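Next come the chains, spelled out residue by residue.
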Amino acid sequence: MRRPRRLVLSAAALGLALAATGCTYLSPVQTHEFYQAADGTNAVVELDGAAQAGVRNAVLVFGEDGTATFSATVVNHSAEDITVELEGLSEGSAVFSATVEVPSRGTVRLGPGEDSQQTVPVTADGVLPGSVLELSVSVGGESTTISLPTFEDNLSHYQTEAPTAG
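Residues numbered from 1 in each chain as written. Predicted model: local features only at pLDDT ≥ 70, side-chain atom pairs only at ≥ 80, totals over all residues. Heavy atoms only, no water.

**Let's talk about the nonpolar core**
Note the cut-off: Only buried Ala, Val, Leu, Ile, Met, Phe, Trp, Tyr and Cys residues count toward a nonpolar core, and they belong to the same one when joined by side-chain atoms within 4.5 Å. Exposure is judged per residue with a 1.4 Å probe applied to protein chains only, and the accessible area is read against the type maximum: over 50% gives exposed, under 20% gives buried, and values in between give partly exposed. Put simply, DSSP marks the helices as runs of H or I at least four residues long and the strands as runs of E at least two long, and each gets a number from the N terminus on.
Of all hydrophobic cores here, the largest spans 31 residues; its most connected members are Leu60, Phe70, Val84, Leu86, Phe96 and Leu135. Taken together, the elements giving at least two residues each to this core come down to β1 (41–47), β2 (50–62), β3 (68–76), β4 (82–90), β5 (93–102), β6 (107–110), β7 (132–139) and β8 (142–152).

**Topic: the pattern of salt bridges**
Using the following cut-off: What makes a salt bridge here is a side-chain nitrogen of Lys or Arg within 4 Å of a carboxyl oxygen of Asp or Glu, nothing more.
Per the counting criterion, the structure on display carries 1 salt bridge. Among the salt bridges present, the one from Arg109 reaches Asp115, with a minimum N-O distance of 3.7 Å.

**Quick look at unusual backbone geometry**
Even without glycine at this site, Asn57 takes up a positive phi of about 55°. Looking at where Asn57 falls in the secondary structure, it is placed in strand β2. Of note, Glu91 is a non-glycine position whose phi angle comes to about 50°, a positive value.

**A few points about the environment of Asn76**
Going by this rule: Residue contacts are defined here by distance: any two heavy atoms, one from each residue, within 4.5 Å place the two residues in contact. Throughout this description, a polar contact denotes any pair of N or O atoms lying within 3.5 Å of each other; where both atoms belong to protein, one of them has to be capable of donating a hydrogen while the other can accept it, and for residues adjacent in sequence the pair is counted only when both atoms sit in side chains.
With respect to the element layout, Asn76 can be found in strand β3. A residue is classified by how much of its surface remains accessible, and Asn76, at 2% relative accessible area, is buried. The spatial distance from the C-alpha of Asn76 to the C-alpha of Gly54 is 6.6 Å, given a sequence separation of 22 residues. With residues up to four places along the chain from it excluded, the contact list for Asn76 reads Gln52, Asp81, Ile82, Val102, Pro103, Ser104, Arg105 and Gly106. From its side chain, Asn76 meets the backbone oxygen of Glu80 in a polar contact 2.7 Å long.

The values reported here are purely geometric and, on their own, carry no functional implication.
The following block contains the structure:
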C-alpha cells in the first residue's frame, strides 16, 4: 500500500508544481515591455535606426501663484557628447526653449531641486493647468514632437517640482 500512496503523492506534487509555474510561463515579463511609468511623457530621437537621445518624464507643473516649472531628464544613448534642443509650444507659440549639453551615455536632470543640473525658464502666460502642450525634441538634425502634460502642484509629489514664491 505504501508504493501506490507515494506514487499518488509524487504525481500530485508534480501536478501542483506544473500548475503553479504554468501561469507565469505564458505571462509577459513587464520589464521587457516599454511603458510610461510616470505622469510625464517620454520621447526618443533616432538616428540611422538607433536611439540617439531621449527625454524621460517631461512635465510642466504650475505653482499656486501661476508660475510654471518644466521638469524632465534628458538621456544620451550615444558614445558622443550631444546637444539636445527642447521647445515647449502652446498653440504654436514658444512657452520655453532650452539647449542641453548631455555627456556620452549620460543624463541631465532639468527642473528645480537639489538633484537638478539645469533649470529651464518658462513663460506660460495664458496656459492653464490641465492643458496639453507640445514638446519638440531635436538632436543632430533629427527631431520628434510629443505631448507635454501640465499639472497643478496640489499633489504632494509635485509640490517640490513647482517653484516657491519669495
